[in-house]
Amino acid sequence: MQAMSETEADPALLPILIAPHKTLKTKARPVVDADMDRVRVLVPRMFAAMYKAPGIGLAAPQVDVALRLAVIDLQTNEVRKPFAMINPEILRVSEDWATREEGCLSLPNQYADVSRPAAVRVRYMDLDGKRHEVEAEGLLSACLQHEIDHLDGVLFVDHLSALKRNMLLRRLAKEQKQKALA
Ligand code: NI
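Calculation notes
- Residues numbered from 1 in each chain as written.
- Predicted model: local features only at pLDDT ≥ 70, side-chain atom pairs only at ≥ 80, totals over all residues.
- Heavy atoms only, no water.
- Helix = DSSP H or I, 4+ residues; strand = E, 2+ residues; numbered from the N terminus.
- Buried < 20%, exposed > 50% of the residue type's maximum accessible area, 1.4 Å probe, protein only.
- Salt bridge = Lys/Arg side-chain N within 4 Å of Asp/Glu carboxyl O.

Engineer: Explain unusual backbone geometry to me, please; I cannot follow it from the model alone.
Structural biologist: What you tend to see is this: most non-glycine residues have negative phi, and most peptide bonds are trans. With omega at -5°, the peptide bond leading from Ala 19 into Pro 20 counts as cis. A positive phi angle, close to 70°, is found at Asn 109, a residue other than glycine. Here Asn 109 shows up in strand 5 (residues 107-117). Among the residues examined, Asn 109 registers a relative accessible area of 54% and is labelled exposed.

Dropping the structure here:
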C-alpha cells in the first residue's frame, strides 16, 4: 500500500477556522503563567499549520484558542525566521498610512487592499518569558497589525467598506459551499 500522501488530512495538523466563526469574532484573553505549558505545546502546532496552509502569520483564535498568542514567519527569500508572540501590544503607530493587499488563512482565496499605519512598534513576550520590542514597517508592520487584530476579534475585511466586506464574505461562503459539495 502507498504511504499516506501529504495532501491527505493529517490528524495531527490543527484545523484553521474559516469565517464566519464565533471564536474569530471573540476578544482573546491574555496568556498567564498557568497557560504556558499549553502554549508551549500549541506554538509548534500553530507553526506546522501555518507552513502547511501556507501562510506567513497565524493567531491562536484561528485555531479556536482564545488566547493572545500569534506566530509569524514572513519567510523572506524562502528563509524561515519564525517567532511567536505572547500578549503582543502595539505601543506606537506612525502617522503615515500604507496600503497593501492582504489575505487571511481564515478567509481562503479572498484578498483586498487594506490601509493601516505604515509603521508600528510592538512589544511581546517570547516562549522563554523574555520581552521583545520590534519596530516594523512594510510587510512585517501589516502582518503584526493583522495578527494582533485577530486577538481582538477583528478580521482584515473589517477594515473595508461594508459593501466590499459583504462581497468578499459572500464569495467566501459560496466557495466554501462548493468545496463542501465537491
Ligand atoms: Ni488572518
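From this point on, the discussion continues.
Engineer: How should I be thinking about the pattern of salt bridges in this particular structure?
Structural biologist: Pairing is possible between side chains that carry opposite charge, provided their charged atoms lie close to one another. For the structure shown, the criterion picks out 10 salt bridges. Of the charged contacts, one joins Arg 121 and Glu 133 as a salt bridge, the two residues approaching to 2.8 Å between their closest N and O atoms. With Arg 121 in strand 6 (residues 119-125) and Glu 133 in strand 7 (residues 131-137), the pair connects residues that are 12 residues apart, well separated along the chain. By relative accessible area, Glu 133 is classed as partly exposed at 41%. A salt bridge links Arg 121 to Glu 135; the nearest nitrogen and oxygen atoms lie 2.4 Å apart. In this pair, Arg 121 sits in strand 6 while Glu 135 sits in strand 7, placing the two residues 14 residues apart along the sequence. Taken together, the shared-partner salt bridges in this structure form one network comprising Arg 92, Arg 121, Glu 133 and Glu 135.

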